[in-house]
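So the chains spell out like this:
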Amino acid sequence: MKFLSQMNRLSRRRLRNVTLTVASIAMLAAIVMWMDRSLLHSSFLTGYVLIGSLFLLAAFGMRKRLPMIAGIGSASFWMQMHIYVGLGSFAVFAMHIAFRVPDGMLESILALLYLVVFFSGIYGIWATRSIPRKLTSVGEEVIFERIPAFKRHLARRAQTIVMESCESTPVLANFYVNRLSKFFECRRGLGYMLIPTGRKRRHLIAEIEELDRFLAQEDRRVSRELAIMVRKKDDLDYHTAMQGRLKLWLFVHIAITWSLLIFSVVHGLLAHAYGGGLA
């Protein structure tokens, strides 16, 4: 019942936000149509609305550093506002460029920056919902900044137990040198970081299990511990790839957003100057 209640609350919130966004866009479209029929410059209105939306979207990332807005609304409120203002801004952008492809250099750069910010935001909506679920499915939560320390600890532990087993058999030591040392001590390649898979993990664990027929009972205990550590290292690599993806996305999204804001302000000043507003 609690789950259903929560789902109903989320559905009502989504319906309310979609309705407000669509109503705001419809109202702006009606005003723009009236201004165009009256031979007024609707591009100034849509420009102001668009740049205001961009500053509002940028404020989402700055709210913790700006005391005057830090206490306004909850984190959830700001997130919802960021999503729906961002989605609605695409309609404002389309009205501002009059549904045509920009032809000037500055206008083309602005349009390209806006589209990169918009579609990176769409990707962010998907990534911030899907990646945490994927990370939860592989085990406990891991703080990104602490992953390198965990990996170093695993590498040292693996090396230690293998060295201790050398007295009874060199099989595990040879296997560690030839197959596991690089896995534990080195970063995964770019291919894994882009598309992380469990193929390497499966191969290594299968090879460790193959070693059992050459090992005494006591050494099999060590091999099983090595297999567990391979799984843990692979989980940490997966966290590195997926959390790193989120951090890279956020860095690019914010950097291009501020570039867009700077170009937008310059564009606005030039538009007023050539339109006589600053004369």
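The name given to the protein in an unreviewed UniProt entry is Ferric reductase like transmembrane component, and the organism recorded there is Mariniblastus fucicola.

Glancing now at the pattern of salt bridges. Going through the model one piece at a time under the given rule, you end up with 12 salt bridges. A salt bridge links E218 to R221, with the shortest nitrogen-to-oxygen separation between them at 3.1 Å. One end of the pair, E218, and the other, R221, are both in helix 10 (residues 217–275), three residues apart, so they sit about a helical turn from each other. The exposure class of R221 is partly exposed, given its relative accessible area of 42%. Among the charged side chains, a salt-bridge network with shared partners connects K151, R188, R201, K233, D234, D235 and D237.

In the structure shown here, the tally under the stated rule is 10 aromatic pairs. When the centroid spacing of 6.1 Å and the interplanar angle of 20 degrees are considered together, the rings of Y114 and F118 count as stacked. Linking Y114 with F118, this pair stays in helix 5 (residues 105–137), spanning four residues, or about one helical turn. Exposure remark for Y114: the relative accessible area of 3% places this residue in the buried category. A relative accessible area of 13% places F118 in the buried class. Summarising the aromatic geometry, the rings of Y176 and F184 are spaced 6.4 Å apart at their centres and angled 20 degrees between planes, so their arrangement reads as stacked. For F184, a relative accessible area of 3% puts it in the buried group. Connected via pairs of aromatic rings, a cluster forms that spans F90, F93, Y114, F118 and F119.

Here the focus is the UniProt feature "transmembrane region" (unreviewed entry) in the protein. The feature "transmembrane region" (unreviewed entry), as annotated in UniProt, sits at residues 15–34, 40–60, 81–99, 105–126 and 248–270 in this numbering. Counted over residues 40–60, helix gives 90% and strand 0%. Its end C-alpha atoms are 33 Å apart. Regarding residues 81–99, the helix share stands at 84% and the strand share at 0%, and the terminal C-alpha atoms are separated by 25 Å.

Within the secondary structure, S165 is located in helix 6 (residues 147–165). Using a relative accessible area of 4% as the deciding quantity, one classes S165 as buried. Setting aside residues no more than four positions away along its own chain, S165 makes contact with L172, D219 and V222.

Here we come to a nonpolar patch on the surface. A cluster of nonpolar side chains, F55, L250, I254, W258, V265 and L269, forms an exposed patch at the surface whose accessible area comes to about 510 Å². Element by element, the count of residues in the nonpolar patch is highest for helix 10, at five residues. As for its position among the elements, I254 is in helix 10. Residue classification places I254 among the partly exposed positions, given a relative accessible area of 37%.

Here helix 2 (residues 42–62) contains 21 residues, and its C-alpha end-to-end distance of 30 Å stays within 8% of the 30 Å for a straight helix at 1.5 Å per residue. What helix 2 keeps buried is the set S42, T46, G47, L50, I51, S53, L54, L57, A58 and A59.

Our next topic: a positive patch on the surface. On the surface, a cluster of positive charge is made up of R14, R129, R133 and K134. With three residues, the single largest contributor to the positive patch is helix 5. Along the polypeptide, R133 turns up in helix 5.

Tracing the chain through its elements places D212 in the loop between helix 9 (199–211) and helix 10. A relative accessible area of 21% places D212 in the partly exposed class. Separated by 71 residues in sequence, D212 and E141 place their C-alpha atoms 32 Å apart. Not counting chain neighbours up to four residues away, the residues in contact with D212 comprise R220 and S223. Polar contacts involving the side chain of D212 include one to the side chain of S223, which spans 3.0 Å.

Packing of helix 2 against helix 4 (residues 75–96) leaves a shortest axis separation of 9 Å and a crossing angle of 155 degrees. Classified by the angle between their axes, helix 2 and helix 4 sit roughly antiparallel to one another. Seen along the crossing, helix 2 lies across helix 4 with a hand that is left-handed. From helix 2, S43, T46, G47, V49, L50, S53, L56, L57, A59 and F60 reach across to helix 4, where they touch W78, M79, M81, H82, V85, G86, S89, V92, F93, M95 and H96. By residue class, the composition of the contact of helix 2 with helix 4 is 13 nonpolar, eight polar and no charged.

Analysis parameters
Residues numbered from 1 in each chain as written. Predicted model: local features only at pLDDT ≥ 70, side-chain atom pairs only at ≥ 80, totals over all residues. Heavy atoms only, no water. Salt bridge = Lys/Arg side-chain N within 4 Å of Asp/Glu carboxyl O. Helix = DSSP H or I, 4+ residues; strand = E, 2+ residues; numbered from the N terminus. Buried < 20%, exposed > 50% of the residue type's maximum accessible area, 1.4 Å probe, protein only. Phe/Tyr/Trp six-rings, centres within 6.5 Å; stacked < 30°, edge-to-face > 60°. UniProt positions renumbered as here; feature names shortened; annotations may be inferred. Contact = heavy atoms within 4.5 Å. Patch = residues over 30% accessible without salt bridge, like charges linked within 9 Å, V, L, I, M, F, W, Y side chains within 5 Å. Areas by Shrake-Rupley, 256 points an atom, 1.4 Å probe, with all protein chains shown as cover. Expected span 1.5 Å × (residues − 1). Lys, Arg positive; Asp, Glu negative; His and termini not counted. Charge placed at Lys NZ, Arg CZ, Asp CG, Glu CD. Polar contact = N/O pair within 3.5 Å; in protein donor to acceptor, adjacent residues only side chain to side chain. Axes fitted to C-alpha atoms, helices over the stretch in contact; angles between N-to-C directions. Parallel < 35°, antiparallel > 145°, perpendicular 65-115°, else oblique. Left-handed = near helix turned anticlockwise from the far one by under 90°. Nonpolar A, V, L, I, M, F, W, Y, C, P; charged D, E, K, R; others polar.

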